[in-house]
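Spelled out from the first residue to the last, the chains are:
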Amino acid sequence: MKHNKDGVEQSTRGEFLHEEGRDPGERLLGFVPTQPDLRLSFPDFFATPGALAVAAALASGHAAAPTREPDLEQAAPGQISGVLLRPMLMRLDGTGTGELFSLERNDVVLGRGAECEIVVDNASVSEVHATIFRSDGVWRVKDLGSSNGTLLDARRLKGSQQLRDGAVICLAQGVSFVFQRISAQHEAVLRLLVEGSYQDPLTGVRSRRYVDERLCAEVAFALRHQRPLSLVVFGVDDFRQKHRKTSDAVLRQVAERIVPLLRIEDVFGRHGSDKFALVLRETESLTAGAIAERLRSAVQAPGDRLGMSAGCAVLGECKEPTTASLTALARQRLVEATARGGSRVVIE
């Protein structure tokens, strides 16, 4: 056993924790990922209103929570005490932290290639990296000749090996999954928690955490494939001076006017108290500016006191091709737009 930063005993081999060693979120969900450095942050999940609602429902008895640790040795394959269990993978790190993947097929391939069932956009992951398959009722994992290999519970995988609940599969640094069999109800709770952690509770758009993580991934993609990437940062003009008493309503109004105009591939979310960010893959400066102006105009309806400005930046024009440099340049241009009277877009 190891201790986490709070001094609580924590398993490193996939065992279930003692009841008194779990935080409230872990007790309600019934299991936790197995390695301290890869654990999902349950306190982060329970910091959102949606997740709190789920937790409250569980605690009040409207949705039954697990009352005891399941006996995996005695249960039939795929069942615990008569409850049908679904095999799942949960991402433990990187941009997709907490994302759930149902193993609906008997053979699921993981890799960077678009043909894979689970696609991982990471340069260290091979096009076709590993497979998880069911044989004679048992789930197994096998490396498919990847360049960097596959780890199972921190050991390099040789041949195919059986997956047990809590097993951690690592494809590369920052790309790992935990295998777990869970009930449909358990899955629904987890999906609500993940969605809540990536959603801004006030406006309903993506949270800053989500935008920042996606921006990191998009920068890596753009550099690897030598493709353009733009970032637009929007700010409400005179937010604190004009809208101090109605700030929440103003931010919701901005989101409501912008969201219907977004493309499916656009990443849009909060980026500060009065700011929003838009990540535009495969988009050059002039196109990004045109998109920003269209969204800005949609927010600033005739007769409204509501005004908005935007700063656009392209990765290729940054002194250093990093997420921090791109963000700083876009924010700097937003400041310039505001200084020039607001209600405008600055692209250079």
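Refer to the preceding data block for the structure.
Residues numbered from 1 in each chain as written. Predicted model: local features only at pLDDT ≥ 70, side-chain atom pairs only at ≥ 80, totals over all residues. Heavy atoms only, no water.

Participant: How would you explain the packing of aromatic side chains if you had to name every residue and give the values?
Facilitator: Two numbers describe a pair of aromatic rings. These are the distance of the centres and the angle of the planes. Within this structure, the stated rule accounts for three aromatic pairs. Residues Tyr-198 and Tyr-210 carry aromatic rings whose centres are separated by 5.2 Å and whose planes lie at 70 degrees to one another, so their mutual orientation is edge-to-face. Of this pair, Tyr-198 sits in the loop between helix H4 (184-197) and helix H5 (208-225) while Tyr-210 is found in helix H5, placing the two residues twelve residues apart along the sequence. Residues Tyr-198 and Tyr-210 agree in their burial class; the two are buried. The ring of Phe-276 is capped by Arg-270, whose NZ or CZ atom sits 5.9 Å from the centre of that ring. Above the ring of Phe-221, the side-chain terminus of Arg-281 is found at 3.7 Å from the ring centroid. (Phe/Tyr/Trp six-rings, centres within 6.5 Å; stacked < 30°, edge-to-face > 60°. Helix = DSSP H or I, 4+ residues; strand = E, 2+ residues; numbered from the N terminus. Buried < 20%, exposed > 50% of the residue type's maximum accessible area, 1.4 Å probe, protein only. Lys NZ or Arg CZ within 6 Å of the ring centre and 35° of its normal.)

Participant: Run through the sheet that holds strand S19 (residues 308-314), naming residues and quoting values.
Facilitator: Read across the sheet, five strands follow the order S17-S18-S16-S19-S20 without closing on themselves; strand pairing throughout is mixed. The sheet is open, and its two edges are formed by strand S17 (267-270) and strand S20 (345-346), each paired on a single side. In the sheet, S19 pairs with S20 via two bridges, with the strands oriented parallel. Bridge pairing links Gly-311 to Val-346 in S20. Its contacts with the sheet place helix H7 (residues 247-258) against strand S16 (229-236), S17, strand S18 (275-281) and S19, and it is angled at close to 20 degrees to S18. Where helix H9 (residues 323-339) meets the sheet, its contacts fall on S16, S18, S19 and S20, and the angle it forms with S19 comes to roughly 145 degrees. (Pairing = 2+ DSSP bridges. Contact = heavy atoms within 4.5 Å. Axes fitted to C-alpha atoms, helices over the stretch in contact; angles between N-to-C directions.)

Participant: I'd like to hear about the nonpolar core, residue by residue, with values.
Facilitator: Soluble globular proteins tend to bury their nonpolar side chains together. Membership of the largest hydrophobic core comes to 23 residues, with the highest contact counts inside it found for Val-232, Phe-234, Val-254, Phe-276 and Leu-278. Secondary-structure elements contributing two or more residues to this core are S16, H7, S18, helix H8 (285-299) and S19. Those residues in contact with Phe-234 that lie beyond four places of it in its chain are Phe-268, Asp-274, Lys-275, Phe-276, Leu-278, Ala-292, Leu-295, Arg-296, Met-308, Ser-309, Ala-310 and Leu-334. One finds Ile-132, Val-141, Leu-157 and Val-175 within the second-largest nonpolar core, a separate group that totals 22 residues. (Core = buried A, V, L, I, M, F, W, Y, C linked by side-chain atoms within 4.5 Å.)

Participant: Tell me what's going on with the pattern of salt bridges, and back it up with residues and numbers.
Facilitator: Counted under the stated rule, the structure contains 18 salt bridges. A salt bridge links Glu-104 to Arg-86; the nearest nitrogen and oxygen atoms lie 3.7 Å apart. With Glu-104 in the loop between strand S6 (100-102) and strand S7 (107-111) and Arg-86 in strand S5 (residues 86-91), this residue pair connects regions lying 18 residues apart in the sequence. A relative accessible area of 30% means that Arg-86 is categorised as partly exposed. Across the pair Glu-218 and Arg-214 runs a salt bridge, and its minimum N-O distance is 3.1 Å. Residue Glu-218 and its partner Arg-214 are both found in helix H5; the two are separated by four residues, about one turn of the helix. Judged by relative accessible area, Glu-218 falls into the buried class, the value being 6%. What emerges from the salt-bridge pattern is a single network uniting Arg-86, Glu-104 and Glu-187. (Salt bridge = Lys/Arg side-chain N within 4 Å of Asp/Glu carboxyl O.)

Participant: Can you explain the packing of H5 against H9? Please cite residues and give values.
Facilitator: Relative to each other, H5 and H9 sit at 120 degrees, their axes nearing to 9 Å. In the crossing of H5 with H9, the sense of the turn from one axis to the other is right-handed. Counted together, Arg-208, Leu-215, Cys-216 and Val-219 of H5 and Thr-323, Leu-326, Thr-327 and Arg-331 of H9 form the full contact between these two elements. (Left-handed = near helix turned anticlockwise from the far one by under 90°.)

Participant: So what's going on with H4? Which residues, and what values?
Facilitator: In this model, H4 (14 residues) spans 20 Å end to end at C-alpha, consistent with the 20 Å of a helix rising 1.5 Å per residue. All of the buried residues along H4 are His-186, Glu-187, Val-189, Leu-190, Leu-193, Val-194, Gly-196 and Ser-197. (Expected span 1.5 Å × (residues − 1).)

Participant: I'd like to hear about the pairing of S5, residue by residue, with values.
Facilitator: Here S5 lies mainly inside the structure; five of its six residues are buried. Bridge count between S5 and strand S15 (residues 175-182): six bridges; the pairing is antiparallel. The residue of S15 that forms the bridge with Leu-89 is Phe-179. Note: S5 against S6, three bridges, orientation antiparallel. Note that in S6 the partner of Met-88 across the bridge is Ser-102.

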